[in-house]
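# A structural walkthrough
Chain by chain, the residues run as shown.
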Amino acid sequence: MLHNSARPLRTLTLLSALALAPVVQASEVVTSIKPLQLITAALTEGVTSPEVLLPAEGSPHHYALKPSDMRKLTDAKVVIWVGPGLEQFMVRPLARTDAEIVTLRPDLEAHLHQEAEPSDHDHHDEHEHEHENHVADDHAEEHHDHGAGNDPHIWLDPMNGLEIAQQLLPALQQALPQHSVQLQQNYEAFASALKQKERAIADELAPYGDAGFFVFHDAYSGFVEHYGLKQLGYFTVDPARKPGARHLAEIRQQLEAAKAVCVFSEPQFTSAVVDAIISGLPVAQGELDPLARSINVSAEGYLDYLQSLSDSFRSCLAKKAD
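These remarks concern the structure in this document. If you're wondering where the values come from, they're calculated on a predicted model, not measured in any experiment.

### Side note on the state of the cysteines
This model, assessed by the stated rule, comprises one disulfide. The disulfide that involves cysteine 262 links it to cysteine 316, with 1.8 Å between the sulfurs. With the S-S bond torsion at 95 degrees, the cross-link from cysteine 262 to cysteine 316 turns out right-handed. Of the two residues, cysteine 262 sits in strand S7 (residues 262-265) while cysteine 316 sits in helix H10 (residues 301-321), which places them 54 residues apart along the sequence.

This is the structure:
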């Protein structure tokens, strides 16, 4: 009797625990990458908390959505992405959501940042090494052959950040009409603060316009060109592809010839790779993060991100001023 009567008691206990568990509500706004989440968070402050699909360790060039990501997409009211020129992983999944889709740069072609991908040969064969070195030479000599206008990393130009907010506002107001006034007020506050931040960073970076530097990833043309910095070249279109030993030697030769004062890596590049490039050269080492991995999501997050970029440039390029 005791055994039989215990069964419904355990069942009731389980049901009670489930009833008391917090209900996880679907996010009304979902962004593809964190920089867009930061801009959106400024507009939706006090209204809703936007979620992001790409995890901190992920790359928009090579991510595959998980089932939990698909649930976010299907439950969202608004989905925000740059476009097929950056987040190829979202092209097909977006067809399965009824959300309002905000495509910030529909004009960028999907293959833009895959032009340096190797063919279906072994990654260590001679043909690929020759191809890599040729690409690196072209990129170093042709300062930004893509140019800021064709760079899908549009959030790195602060004025693009303002335009993104302008694009998002009507979509958010349509999806969340009961919060239209708050969204408008948030946008105006963000626009004002962003303009102030842009001017402050311009003053901070003005002394470093003649300091040459190299980056690994072709991502920073928006920030670099907006602030008149002297990027001498980059060495990979896809940050997931680390250069081999022969390619590192080629990079070193270019650094010696260009007399750069700084080399910027990214969080996914190990210090050993950077050390191999700059060993024995009077070149400083810095780090830039195009995806704002370490920035807290808040109404000020995008401004904090721009400031972190300015701080990274100044601390590394100051070698030129010494």
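Structure shown, so let's carry the discussion forward.
### Structural notes on the packing of helix H5 (residues 158-175) against helix H6 (residues 180-205)
Contact geometry for H5 and H6: axes closest at 10 Å, N-to-C directions at 180 degrees. Between H5 and H6, the angle falls in the class roughly antiparallel. For the pair formed by H5 and H6, the contact residues are Pro158, Met159, Gly161, Leu162, Ala165, Gln166, Leu169, Leu172 and Gln173 on the first element and Ser180, Leu183, Gln184, Tyr187, Phe190, Ala191, Leu194, Lys195 and Glu198 on the second. Tallied by class, residues from the contact of H5 with H6 come to eleven nonpolar, five polar and two charged.

### So, the packing of aromatic side chains
Where two aromatic rings form a pair, the distance of their centres and the angle of their planes describe that pair. Applying the stated criterion to the full structure yields seven aromatic pairs. Taking the centre distance of 5.3 Å and the plane angle of 90 degrees together, the rings of tyrosine 63 and phenylalanine 89 count as edge-to-face. One end of the pair, tyrosine 63, is in the loop between strand S2 (51-52) and helix H3 (67-75); the other, phenylalanine 89, is in the loop between strand S3 (78-81) and strand S4 (100-103), and 26 residues separate them in sequence. The same class applies to tyrosine 63 as to phenylalanine 89, namely buried. Seen in terms of ring centroids, phenylalanine 213 and phenylalanine 313 are 5.3 Å apart; in terms of plane orientation they differ by 65 degrees. Their pairing is edge-to-face. Of this pair, phenylalanine 213 sits in strand S5 (residues 212-217) while phenylalanine 313 sits in helix H10; the two residues are 100 residues apart in sequence, bridging distant segments of the chain.

### Looking at the side chain of threonine 44
Tracing the backbone through its elements, the reader meets threonine 44 in the loop between helix H2 (34-43) and S2. On the basis of relative accessibility, which here comes to 0%, the residue threonine 44 falls in the buried class. Here threonine 48 takes part through its backbone oxygen, which lies 3.0 Å from a polar atom of the side chain of threonine 44. Not counting residues up to four positions away in its chain, the partners in contact with threonine 44 are Pro50, Leu172, Leu183 and Asn186.

### What to know about H3
Listed as buried for H3 are Asp69, Met70 and Leu73. Buried residues of H3 fall within an arc of 100 degrees about the axis and therefore sit on the same side. In H3, the exposed residues that point more than 90 degrees away from the buried face are Pro67 and Arg71. Lining the buried residues of H3 we find S3.

### Quick word on unusual backbone geometry
Peptide bonds are trans in most cases, and residues, glycine excluded, mostly fall at negative phi. At alanine 292, a residue that is not glycine, the phi angle is positive and equals roughly 55 degrees. For alanine 292, the location among the structural elements is in the loop between strand S8 (284-287) and H10. For alanine 292, a relative accessible area of 1% puts it in the buried group.

### Details of H5
Between its first and last C-alpha atoms H5 spans 26 Å; for 18 residues at 1.5 Å apiece the expected length is 26 Å, and the two agree. Its axis deflected by about 25 degrees at leucine 168, H5 carries its strongest bend there, up to four residues before the proline proline 170. Turning to H5, its buried residues are Pro158, Gly161, Leu162, Ile164, Ala165, Leu168, Leu169, Ala171, Leu172, Gln173 and Ala175. Where H5 begins, the side chain of aspartate 157 points an oxygen toward the backbone nitrogen of methionine 159, at a separation of 2.9 Å.

### A few points about the nonpolar core
Of all hydrophobic cores here, the largest spans 74 residues; its most connected members are Trp155, Phe223 and Phe313. Sequence-distant contacts of tryptophan 155, that is, excluding residues within four places in its chain, are made with Ile33, Pro35, Val82, Leu86, Ile164, Pro290, Leu291, Tyr302 and Tyr305. Core analysis: the second largest hydrophobic core is formed by 15 residues, Ile251, Val273, Val274 and Val283 among them.

About the cut-offs
- Residues numbered from 1 in each chain as written.
- Predicted model: local features only at pLDDT ≥ 70, side-chain atom pairs only at ≥ 80, totals over all residues.
- Heavy atoms only, no water.
- Disulfide = S-S within 2.5 Å.
- Helix = DSSP H or I, 4+ residues; strand = E, 2+ residues; numbered from the N terminus.
- Axes fitted to C-alpha atoms, helices over the stretch in contact; angles between N-to-C directions.
- Parallel < 35°, antiparallel > 145°, perpendicular 65-115°, else oblique.
- Contact = heavy atoms within 4.5 Å.
- Nonpolar A, V, L, I, M, F, W, Y, C, P; charged D, E, K, R; others polar.
- Phe/Tyr/Trp six-rings, centres within 6.5 Å; stacked < 30°, edge-to-face > 60°.
- Buried < 20%, exposed > 50% of the residue type's maximum accessible area, 1.4 Å probe, protein only.
- Polar contact = N/O pair within 3.5 Å; in protein donor to acceptor, adjacent residues only side chain to side chain.
- Arc of directions from axis to C-beta.
- Expected span 1.5 Å × (residues − 1).
- Bend = angle between axes of the 7 residues up to and from the residue.
- Core = buried A, V, L, I, M, F, W, Y, C linked by side-chain atoms within 4.5 Å.

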